[in-house]
Every structure is written in C-alpha cells, then in structure tokens.
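Now for the letters of each chain:
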Amino acid sequence: MAATQLALLFSAIEFALVGAILALSTYVTLWAGLLSFATVSFAATGAFTATHLMSEAGFGLWPALAAGGLGGGVLAAAAGLLLIRLDSHWLALATVALILVTRVVVVNLGDLTGGSEGRIVPVKVELWQLVLVLGLVCLFLARLARSRFGTAAVATREDPTAAATMGVPVRRVQTAAFAISGVIGGIGGVLQAGLLRYIDPDSFYIDLAVTVIACVVLGGAYHWFGSVIGAIVFTGLPVYVNQFIGQGQSIINGVLLLVIMIWVPGGLIDPLRWRRLRERRSAASPAGAAREVAEVRS
Amino acid sequence: MSGGQDGDALVIDGLAKRFGGLSVLGSVALTVPRDAVFGVAGPNGAGKTTLLNIISGLLPADAGTITLFGEPCHHLRATALARMGVARTFQNIRLLRGLTVAEQVMAGGYRLRRVGAARGLAGTPRARAEQRDLRERAMEVLASVGLADAAGRLAETLPYGDQRRLEIARALMSKPRLLLLDEPTAGMNAADWAGIGELVAGLRRTGTAVVVVEHNMRLIQEICDQVAVLASGEVIACDVPARCLRRPEVRKAYFGK
Amino acid sequence: MLFLQQLVNGISLGAVYALFAVGFGVVFSTMRILNLAQGVYATWGALFAYWTVTEAGLPFAVAVLAGAAAGAVAAVAVDQIAFQPLRSRGGDQLLGTIITSVALWIALREAASLATGAAPLGFPPGTVPDGLLQVGGVRVLTTQLLAIACAVAVTAAIHLVLRRTRLGAAIRAVGHDRGAAMLGGVDPRVAILTAAALAGAATGLAGVFFAAGQTFTFGLGDGLLLHGFAAVVIGGMGDVRGAAFGGFLIGVIQVLSAQYISASFQDAITFGLLLAVLVARPRGLFRTVELGRA
C-alpha cells in the first residue's frame, strides 16, 4: 500500500516538474506582454522530433533535448515573425489556431510522428534529470531577469509606447521572448514524452494547453517562480489526488481556476501585491522606509 | 525661423500632419539651438503634443524634414531616435506599473546598457560592473531631482508632483542630447513647478537641449530662451518669450480678441 | 452527382457550424469575450434534447426547443459566473475572461461526462424525423433540411434583432462602450443577459442538430468549438451573417476535402485557412468590427 502511495507521489512530482517547465515556456511570453497558447505546439514539435531521433537515430536523452529545444525554437521564431505584428488579442487567437494546425500536421506526418496512432518513446526520463533541467531553466530565467532583456521585457509589457521612447526594441524583445518560449517549450515536450512513454496527437493539445495556462495564472504573471508553484497545483496534485477523486477532477480544477481569476487575479505569487503591502506597512514606520533605501543602495 | 546651422540640436522644416480629413499641423518650421531651452506654447488643439509625438518618433509626419544634430531623422521611429539620444516625458505621466522609483529610473537607462545577452546571462564581471554603474547613476539622477530618499518606494505611491519629477529623472537617465517635456507642470501647484523650472534651467549647463511644451506661461517666461507659439497647426510667432507674448496675434490665439 | 450530393451534405454540416458560429460570434462581437466555454452550450443542448425525447417521450420539435432553452440557460449561467465578476473590474479583461471561460469549459464538460457516464449516445430511431427528399440524384434528409432552415432563420432573426430593434442597439452599445451606453440610459444587465441567451440558444440548436444525425458523446462541443471558432474568424467577427457564412463555408470545405482529398486533410484546410486569415486579415473576410481597445 505504502509502495503505491510512494510511486504515485513520485509520479506526481515528476509530472509537476515537467509541468513547471511548460508553464515557464508560457510565462516567458507573458513577461513581454503577450498571451500565447503556443507552448503546446512547441512541446509537440520538440517531443515528436526527439522521439523520431531517439527511435530512428538512436539519440540519447541529452542530444534529444537539444534537438527538441531547437525544433521548438525554430517553430517559435517562424511563428513569431508572422504573429508578433498582430495586436495582442489577435495574437492570442492566432496561437490557438496554431495549436489546432499543429495537431493536424502531427496527424498527417505519419512517418515522423506515427500519425493518429502515435509513437512509443524509447527513452525514459529520471527524476534527477528533470530536477536538473528545471533547475537550469530557472537559473536561466533568473539571470535573464537581471539582464538587459529583463528590463526590456517588463517595459514592453507595461507600456510599449513609453518603452520605445526609452530605446527598447519592442518587436525584437517580443520575438526573442517567443523564441525563448519555443526552446523551453520544446525541451518540456521532450521531457513530457519521456514521462508518458507514449505520445499521440492528443498528448499536446487543448487539455495540456488549458493546464499550462492554469499553472501560469495561478502562479501570477509577475514572477517566473509562480509558474512553478502553479505547476505543482495543476499538474502534480491531480496526478496524486486522482486516486481519491477519480471523476470530477476537472470540475475541481475549473472551480479553482475560476476562484483564482475572480479573487486573486494576480496569482498567488504576486510581487506587486507584496510590494504594495510592504509599502503600507513601511509608511507606518520610518525605520522601514530607511531600510528600503539602504536595500536599493546595496 | 528656419534654416538652422550645423550644431543645432533640432531643425524642423515644413512639417505637416493630417488625421483623416483634419490637418493638425500645417507647415511647421523651427530651430532649437544646442544647449537651449526652447518652449512650445499655444492654445489647446494647436498641435503641440502631435508635434512632440512626431519629433519623438511615435507618429510619422506626412511631409517635412527633421534634423537632429545635423543628421536627418524624419524617417526614424521612436526606438531609433531614443538610441540617438532623444528622451521624453508624457502629458499623462507614463510610469511603468509595479516598479520602484529606482527601478523606473534604471529602466530609463536602457539605451546605456551595452552588455549583450550572452555576457549578461553568464554574469561576467563586465556585466556586474555595468549593473553597478547603472545603479549608481540612477541614484545620482534621483538625487539631482530630489527623490533620492524615495528610491525604494513603489513609484505609484509617490505624490503627483514627485511622479512628474520621476518621469523626468527617467528621461535624464539615458544622458539624452535632446529632452522633450510634454506639459511637465500640468496639474501642479506653484511650489512644485518652481522646482521643475530649476531642474530644467540646470540642464542648460549639461549640454542637453530641451524642448518644453507648456501651457504655463510664467514657466516659459522664466526658463525658455525662445518660444514658438503654435495655433491651429501653424507657428504664429517664434521669439524671446517677453516679446512673443506681447504680440497681438499671440494674444488673439489665446484670448480670441 | 456525387459532387452535388456532397455539396448538400456540406451545406447541412455547415448549417450546424453556422448556428454555432452565430452564437459564438454574438458573444465575441458584442461582449468582446473569447468564450471557450461556448462548446458546452451545444453539448448540453444536445443532452437536453436527447433526454426530452428518451426520458420525457416528447416529440422532436419539443426537443429542439428544449435544446435551445438549455443552451440559453447555460450561456446565461456562464456569463454571470465567469464574466460578470470581471466586468466590474473594468479595463480590458481579455486574459481574465479567457481563463474563466476555460474554467467553466472544463467543469461543465466533466459534468456532461458524469451525466452520460462517458458513454456514446444516439437518438433512438423514430424519435428523429427520418424523411428523405429526392431531388434529381441528390438525397436530402429531413433533418438536414431542418438544420439548414433553422440556421438561416436564426441568423436572420438575430441579425434583425441586433440591427433593427432597440434591444439590439442596446446590446451593441453595451458591447462597444458600457459606460457610455449606461449614460445613454441603457440597462447593461438586460442587454448582456439577452445577448447571452440568444447566443446560447443558437449554440444549443447547433448541438441538437449535430447530435440528431449521429452518435455523440460529452465531447460534442469541443469539435464544434474549434470549427465554430474558425468560422467566426474567417467569416468575420462583427456581423452574424459573416459568421453564418463562415460556418457554411467550413462545412462545405470539410465535406468536399474529405471526399476529394482525404479525411485527415479536412481539418488541415480549415485550420490552415483560419491561421492564414488571422495573419493576413484578422478581422475576417468581411471586415466590420474592430477588436481591442475601442
């Protein structure tokens, strides 16, 4: 009994880790102000490319990850060039269309993807590998946040007009965000394939897209770490909880998502809300204000 | 006054702009010498903000030329102009939401950041040095506008007058050669805008040319070397403020006499 | 002859898409909401029609009405639960309403799964009109004719309501600028609820006619959602006639490409066209409304 519990917990953690990577892929575009559903398309590209190379060319996990990331990145760059010039609402719709088109392509490229039958994934993915990759992605994003790109992305998101007058190349920043999202999504796709061990056209479709968006929403759009938390709740938790609530899990997820959107729209990880709270507390104590100034100077 | 000499900060000639059937700017010509503080005044609807939007690259002109420090730039958009050293503030303050005062100013220094993605990610000494320099400069700029103590506060919690000064600080961060201020004293009381006046006057020594769009005639008289008065999209007068404001056509434009 | 037959089949499938697209488009163009939960209105419309016939033993005509009513109720409920709380927040709630619509989509879909035991259902023979019309060599089922007639009638009716009645003007005003509309004396609640109900009813009808022709499951709404979405985008967001046209167009494309190219290609063309339109001409082939900050 305990063994199955442990196995389930393990599985939940593994899926949460991959879910976090996929959520981070969507987070990156949101960082630059773009709502995009395209992560699952990038994931599909990565997963099927990698699986094909693993099966036909004997690729191991790490080369497959590289290939998958590259595939996702290429698709993202191409899509980005087409879509970035669209107004944000249309961009969101176009990424929905992209998911639909991707699935059709997957179904029709039978030789590469196994068509509607799907394919078995020959390589398994270990927990430590997942932890490593997620760690690297997080490190990358943390560094990115402190670089020139971080400032540019925030400015682009908050006020593209003002950002342009500050010298921020808005279109290039958005395209870069898209490309990065593609690479991370592709990598996530490969790992997801490695967990599922069998992928078909529905593995990277609307259900996953909804889950990914839910993770990012829960986690909040203002800090990448939120998406990781979101993944634990919307990806990992269901895997474990499924044994208790077989049916009706989507109802719970739906209600949860609704509640978040209505009452905590900034997500659980909302640095802006925390800053505002700190401000209010500091305003009461001058010592606090002085401390903040000292913090900035350091 | 058109024509201009080499070394003039800004030379505009024959600038025109229409929105649909409405002509917003007829044929605007003016010259802003280097190191000058140049005012642009005029009643509401005269086209002042449109002019500023065109100069800062947010709107394309329909006709005419713009030359910045001798280089033609009427075909350039905002990002390119920013990189050439143009910075601006906005009529309705546009601060980036969620950032602290210090972060706002540092964002304004974007064009100064030379360290590219690769080095930035790796965290090389050069990258870290640049970050440090940026932060230092941000604090200096904040001190020069009197906001150093508020550095850690959320920008949106500042009082109105301080927010305006913050926006100016953000523009100054990038060491602009041409600073465009869009109604920097709008909505301010006398104490606040006197401070702005001092700030702008102080810029004269730094080699930054300033163009100020303003309704506040007293401010224009105090700090501007010259003022161009715009009415219905045309420059109806361009002179030293004292003389300009005595002109009958200027009084007519403002008071309709 | 085969071509004509498939053309007829395409038009009747298109009628279903048209009904769905009209419902989807009303919400989209009047309320500026991308409602991903729209599909479940069709599912529940179909379910209620099915139960009306199998549980209550009532005739098909009643079932059709029941389906429309169920769709309307579902739409109003979703609007009040998922969208109304966000409206008071003001500003552009694109992300917010997409997320909440997704939340209700997955919840209501699961509810339908539980209600049907995830098993496929089909209208028992005799409960659906099974007449057949023969025109030359082309066979048209009564249900197909009904679907087409219904689609045309509903499109015309909703178009007239939106364009020629005060209520319709109110709905359009509220969608365009709620504050201004209120200043003009319009009660936004009535306008919004009416628009939601109309949209839901049309979508419910789509579900009924879709289900009448075949076996269906709780996932009925998903397929319709995707194709309905494509129809609205391609046909044009601002005008229900464009949306209906888009629906008919896609129905025809689907059937003809399945016949003459391959079954798996039908979606390729539909969604490829969708993507192409979004990239090249985002307002659709009939450009009328501007989406985004007014």
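Residues numbered from 1 in each chain as written. Chains lettered and ligands numbered in written order. Predicted model: local features only at pLDDT ≥ 70, side-chain atom pairs only at ≥ 80, totals over all residues.

Enquirer: So what exactly am I meant to see when it comes to the overall build of chain A here?
Expert: Helix and strand content of chain A: 14 helices and two strands. The C-alpha radius of gyration of chain A comes to 20 Å, within 12% of the 19 Å expected for a compact globule of 298 residues. Seen through its C-alpha atoms, chain A measures out along the principal axes to roughly 65 × 50 × 35 Å. A burial count over chain A gives 57% of its 298 residues as buried. Taking all contacts inside chain A whose residues are at least 6 apart in sequence as the whole, residues at least 24 apart take part in 78%. (Helix = DSSP H or I, 4+ residues; strand = E, 2+ residues; numbered from the N terminus. Rg over C-alpha atoms; globule rule 2.2 N^0.38 Å. Buried ≥ 20, exposed ≤ 12 C-beta atoms within 10 Å, placed from the backbone. Contact = placed C-beta atoms within 7 Å.)

Enquirer: Hey, could you run me through the interface of chain A and chain C in this one?
Expert: Reports often express the size of an interface as the amount of accessible area lost when the parts come together. Taken together, the contacts link 32 residues of chain A with 31 residues of chain C. Those elements giving two or more residues to the side of chain A that touches chain C turn out to be helix H3 (61–83), helix H4 (88–108), helix H10 (206–219) and helix H12 (249–263) of chain A. When residues in the side of chain A that touches chain C are grouped by element, the largest group, twelve residues, is from H4 of chain A. Looking at the side of chain A that touches chain C residue by residue, the classes come out as 24 nonpolar, seven polar and one charged. (Nonpolar A, V, L, I, M, F, W, Y, C, P; charged D, E, K, R; others polar.)

Enquirer: Whenever I open this one, helix H7 (residues 190–203) of chain B confuses me. Can you help?
Expert: An α-helical segment advances 3.6 residues per turn. Residues three or four places apart therefore align on the same side. All names here are of chain B. Compared with an ideal rise of 1.5 Å per residue, which puts 14 residues at 20 Å, H7 spans 20 Å between its outermost C-alpha atoms and is within 8% of the ideal. All of the buried residues along H7 are Trp 193, Ile 196, Gly 197, Leu 199 and Val 200. Taken end-on, H7 shows its buried residues confined to a sector of 165 degrees, consistent with a single buried face. In H7, the exposed positions angled more than 90 degrees off the buried face are occupied by Ala 191 and Glu 198. Check the buried side of H7 and you find it contacts strand E3 (37–41), helix H6 (160–173), strand E8 (209–213) and helix H8 (217–223). (Expected span 1.5 Å × (residues − 1). Arc of directions from axis to C-beta.)

Enquirer: Any chance you could explain the pairing of strand E7 (residues 178–182) of chain B here in plain terms?
Expert: Within a regular strand, side chains alternate between the sheet's two faces. Residue and element names in this part refer to chain B. In terms of residue burial, E7 counts as a mostly covered element, since five of its five residues are buried. Burial of the side chains of E7 extends over both faces: Leu 178, Leu 180 and Asp 182 are buried on one face and Leu 179 and Leu 181 on the other. In the sheet, strand E6 (residues 86–88) pairs with E7 via three bridges, with the strands oriented parallel. Residue pairing for E7: Arg 88 is matched across the bridge by Leu 180. Relative to E8, E7 is paired through five bridges, and the arrangement is parallel. Within E8, the residue paired with Leu 178 across the bridge is Ala 209. (Pairing = 2+ DSSP bridges.)

Enquirer: What is the right way to look at the interface of chain A and chain B in this model?
Expert: Across the boundary between the two partners, chain A contributes 30 residues, which contact 32 residues of chain B. Contributing elements (two or more residues each) for the side of chain A that touches chain B: helix H6 (127–146), helix H7 (148–158), helix H8 (160–165), helix H13 (271–284) and helix H14 (286–297) of chain A. In terms of residue count, the dominant contributor to the side of chain A that touches chain B is H7 of chain A (seven residues). Per-class residue counts for the side of chain A that touches chain B are 15 nonpolar, five polar and ten charged.

Enquirer: Honestly, the sheet that holds strand E4 (residues 63–68) of chain B in this entry has me stumped. Any pointers?
Expert: What links the strands of a sheet is backbone hydrogen bonding, and the strands pair in either a parallel or an antiparallel sense. All names here are of chain B. Taken in spatial order, the four strands of this open sheet run E2-E1-E4-E5, and their pairing is antiparallel. On the outer flanks of this sheet lie strand E2 (22–32) and strand E5 (71–72), each paired with one strand and no other. Of the pairings in the sheet, the one linking E4 to E5 comprises two bridges and is antiparallel in character. Within the sheet, the bridge partner assigned to Thr 67 lies in E5 and is Pro 72. Contacting strand E1 (10–19), E2 and E4, helix H1 (residues 48–55) crosses the sheet at an angle of about 65 degrees to E2. (Axes fitted to C-alpha atoms, helices over the stretch in contact; angles between N-to-C directions.)

Enquirer: Mind showing me how you'd approach unusual backbone geometry here?
Expert: Note: most peptide bonds trans; most residues except glycine with negative phi. All names here are of chain B. Even without glycine at this site, Lys 175 takes up a positive phi of about 50 degrees. Mapping Lys 175 onto the fold places it in the loop between H6 and E7. When the 15 C-beta atoms within 10 Å are taken as the criterion, Lys 175 is described as partly exposed. Not every positive phi belongs to a glycine, and Ser 232 is a case in point at roughly 50 degrees.

Enquirer: Help me understand the confidence of the model for chain B in this model?
Expert: Interpretation of the predicted coordinates at a detailed level should be avoided for regions scoring low in pLDDT. With 97% of its residues at a pLDDT of 70 or more, chain B shows a mean pLDDT of 87. For this predicted complex, the interface confidence score (ipTM) comes to 0.89, while the overall pTM stands at 0.86. (pLDDT = per-residue confidence, 0-100.)

Enquirer: So what exactly am I meant to see when it comes to the nonpolar core here?
Expert: In a soluble, globular protein the nonpolar side chains are often hidden away together inside. Counting residues in each nonpolar core, the largest one holds 298 residues, and the members touching the most others are Ile 21 and Ala 97 of chain A, Val 229 of chain B together with Leu 19, Val 22 and Leu 205 of chain C. Ala 97 of chain A has contacts with Phe 271, Leu 274, Leu 275 and Leu 278 of chain C, leaving out every residue within four places of it along the chain. (Core = buried A, V, L, I, M, F, W, Y, C linked by C-beta atoms within 7 Å.)

Enquirer: What exactly am I supposed to notice about H4 of chain A here?
Expert: When the terminal C-alpha atoms of H4 of chain A are compared, their 30 Å separation across 21 residues agrees well with the 30 Å that a helix rising 1.5 Å per residue should span. By the criterion of burial, H4 of chain A is predominantly enclosed, with 16 of the 21 residues buried.

Enquirer: For this particular structure, what's the right way to read the arrangement of the chains?
Expert: Among the two pairs of chains in contact, the pair with the most contacts is chains A and C. Spatially, chain B is disjoint from chain C: no contact exists, and the shortest C-alpha separation is 15 Å.

Enquirer: Explain the sheet that holds strand E9 (residues 226–231) of chain B to me, please; I cannot follow it from the model alone.
Expert: All names here are of chain B. The strand order across the open sheet formed by six strands is E6-E7-E8-E3-E9-E10, and the pairing between neighbours is mixed. Across the chains shown, the open sheet's two edge strands, defined by having one partner strand only, are E6 and strand E10 (234–239). In this sheet, neighbouring strand axes are inclined to one another by 20 degrees on average, regardless of whether the strands run parallel or antiparallel. Packed onto the sheet, helix H10 (residues 248–255) meets E9 and E10 and runs at close to 130 degrees relative to E10.

Enquirer: Can you walk me through the environment of Ala 206 of chain C in this structure?
Expert: Residue and element names in this part refer to chain C. Here Ala 206 shows up in helix H8 (residues 188–212). Each C-alpha atom, one on Ala 206 and one on Trp 51, is 16 Å from the other, the two residues being 155 residues apart in sequence. Those residues in contact with Ala 206, other than ones at most four positions away along the chain, are Val 16, Leu 19, Phe 20, Gly 23, Ala 42 and Leu 224.

Enquirer: What is the right way to read the environment of Ala 74 of chain C from this model?
Expert: Residue and element names in this part refer to chain C. Relative to the helices and strands, Ala 74 resides in helix H3 (residues 60–87). On the neighbour-count criterion, Ala 74 (27 C-beta atoms within 10 Å) is buried. Those residues in contact with Ala 74 that lie beyond four places of it in its chain are Val 40, Tyr 41, Trp 44 and Gly 200.

Enquirer: How do you make sense of the pairing of E3 of chain B when you look at a structure like this?
Expert: Residue and element names in this part refer to chain B. Most of E3 sits out of view: five of its five residues are buried. The two faces of E3 match: Val 37, Gly 39 and Ala 41 on one face and Phe 38 and Val 40 on the other face are all buried. Bridge count between E3 and E9: four bridges; the pairing is parallel. Residue pairing for E9: Ala 41 is matched across the bridge by Val 229.

Enquirer: Just to check I follow, could you spell out the confidence of the model for chain A for this structure?
Expert: Mean pLDDT over chain A stands at 87; residues scoring 70 or higher make up 94%. Element-level pLDDT for chain A is lowest in H14 of chain A, with a mean of 52, against a maximum mean of 95 in helix H9 (residues 170–196) of chain A.

Enquirer: What is the right way to look at the packing of helix H1 (residues 2–31) of chain C against helix H5 (residues 142–164) of chain C in this model?
Expert: Think of two packed helices as two axes; the pair is described by the angle between the axes and how far apart they sit. Residue and element names in this part refer to chain C. For the pair H1 and H5, the least separation of the axes is 8 Å and the interaxial angle reads 25 degrees. Compared by their axis directions, H1 and H5 come out roughly parallel. The handedness of the crossing between H1 and H5 is left-handed. Residue-level inspection shows Ile 11, Ser 12, Ala 15, Val 16, Ala 18, Leu 19, Val 22 and Val 26 of H1 in contact with H5, the latter providing Gln 144, Ala 147, Ile 148, Cys 150, Ala 151, Val 154, Thr 155 and Ile 158. (Parallel < 35°, antiparallel > 145°, perpendicular 65-115°, else oblique. Left-handed = near helix turned anticlockwise from the far one by under 90°.)

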